[in-house]
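Topology and contacts: notes
What follows is each chain in one-letter form.
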Amino acid sequence: MIFKPTLTGTHPLTEAELKLDKKTCTKIGPCGLGEQALYFNSFFIDRRYYARYEDIARVWKRVAMSKGGYSGKGVFGSMAYLIIKLRNGQEYQCNFKYEQNVDILLSQLEKKHPEIPTHSVKEEQALKREAMEEARKYKTDLSETAEKSIRDLRRYEDELKQKPAIYNHLAAAAKQKRVLQGISPTYKILAIVVFSMAIVAMIAGIFLFVMHSAVALYFVLFGIAFLFTIMATGILPTRKRNNKAAEKEWEQAREDSANYIQRIPHFPLPAQYAHPIVIERMIRAIRMGRCETAEEALELVKEDLKKLNSSVQVSQKEYDEVVVVKPLFLVSDYQ
């Protein structure tokens, strides 16, 4: 190993165990899930630290937002972190580039180690309150048609969950496309100008260094600083991050989804909306007595999502769902 992971916690792995476990771990963003330990990043190096599962008290997602976050307002433009709390009280924060990777990691951790809570204490309490409030909204005297619709939707949801890579790819592609669509052309032009100026400053700095100028180092440092800053914003188009590439990725994700749901008889959703969260929201609409059929439930889901924007107050559960599925509807224009 070039960088041997540093132990956090009190139960180290032997060198041989550590080497094998890290090599075979499931890599998710900058972190990894091994058979014996969870690997997480420092600011610069992926999977720099590790903690044995028996040393972990709790793991959860924290979202930093420009407006609101878990306070209930604002559902877009977020930056996600993975928080790892050990039994000895130590707490680590891992930054992720893509929020969906945090969700994937927590989902897999929950399946492999259900004994480890995947919400903060405050979030757990909020979820319990929300579940009780939601349960009071459900009707107990649903019609036979509604009951059958719920049974069918549960079956379709189970079918989708057999292939999580397909619907996760669909959601990620939609979000990427939506983000790039939202970047103003003016910002792109400004990013290119700043990027060009940074390159020029670096070249000038190198030239001045050769000429033994005292200010050469400043030109190089300022050029590097602006270069990394503009690259970190994600505004500058790259070979993989541009509208054309995002559109191609979205079409591929939608095609993969369509090919999969063709195998499910009478599947009620278009390929672009084939996500378990969409079906779960449809089921809730029926259980609340707002509709009876899957077709009606899908239209209600669309209406509910259209009403949500950065000024609307939402619960934590609602936030978690909306940031995943609303881009599916936005890029498809709710068709």
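Keep in mind that what you see is a predicted model, and the values were worked out from it rather than measured. (Residues numbered from 1 in each chain as written. Predicted model: local features only at pLDDT ≥ 70, side-chain atom pairs only at ≥ 80, totals over all residues. Heavy atoms only, no water.)

In this section: the packing of aromatic side chains. According to the stated counting rule, one finds seven aromatic pairs in the structure shown. Judged by centre distance (5.8 Å) and plane angle (35°), the ring pair of F329 and Y334 falls under tilted. Since its relative accessible area comes to 13%, Y334 is described here as buried. Cation over ring: R48 sits above Y49, and NZ or CZ is 5.8 Å from the ring centre. In this arrangement the basic side chain of R287 is found over the ring face of Y138, its NZ or CZ atom lying 3.9 Å from the centre. (Phe/Tyr/Trp six-rings, centres within 6.5 Å; stacked < 30°, edge-to-face > 60°. Buried < 20%, exposed > 50% of the residue type's maximum accessible area, 1.4 Å probe, protein only. Lys NZ or Arg CZ within 6 Å of the ring centre and 35° of its normal.)

With that settled, the discussion passes to the packing of helix 5 (residues 164–181) against helix 8 (residues 243–261). Orientation of helix 5 relative to helix 8, taken along the N-to-C sense of each, is 155°, at an axis distance of 9 Å. If you check the angle between helix 5 and helix 8, you find them roughly antiparallel. Considering the relative orientation of helix 5 and helix 8, their crossing is left-handed. Facing I166, H169, L170, A173, A174, Q176, K177, L180 and Q181 of helix 5, the residues of helix 8 in contact are N243, A246, E247, E249, W250, A253, R254, D256, S257 and Y260. Here the residues of the contact of helix 5 with helix 8 sort into nine nonpolar, five polar and five charged. (Axes fitted to C-alpha atoms, helices over the stretch in contact; angles between N-to-C directions. Helix = DSSP H or I, 4+ residues; strand = E, 2+ residues; numbered from the N terminus. Parallel < 35°, antiparallel > 145°, perpendicular 65-115°, else oblique. Left-handed = near helix turned anticlockwise from the far one by under 90°. Contact = heavy atoms within 4.5 Å. Nonpolar A, V, L, I, M, F, W, Y, C, P; charged D, E, K, R; others polar.)

On their own, these measurements won't tell you what the molecule is for.
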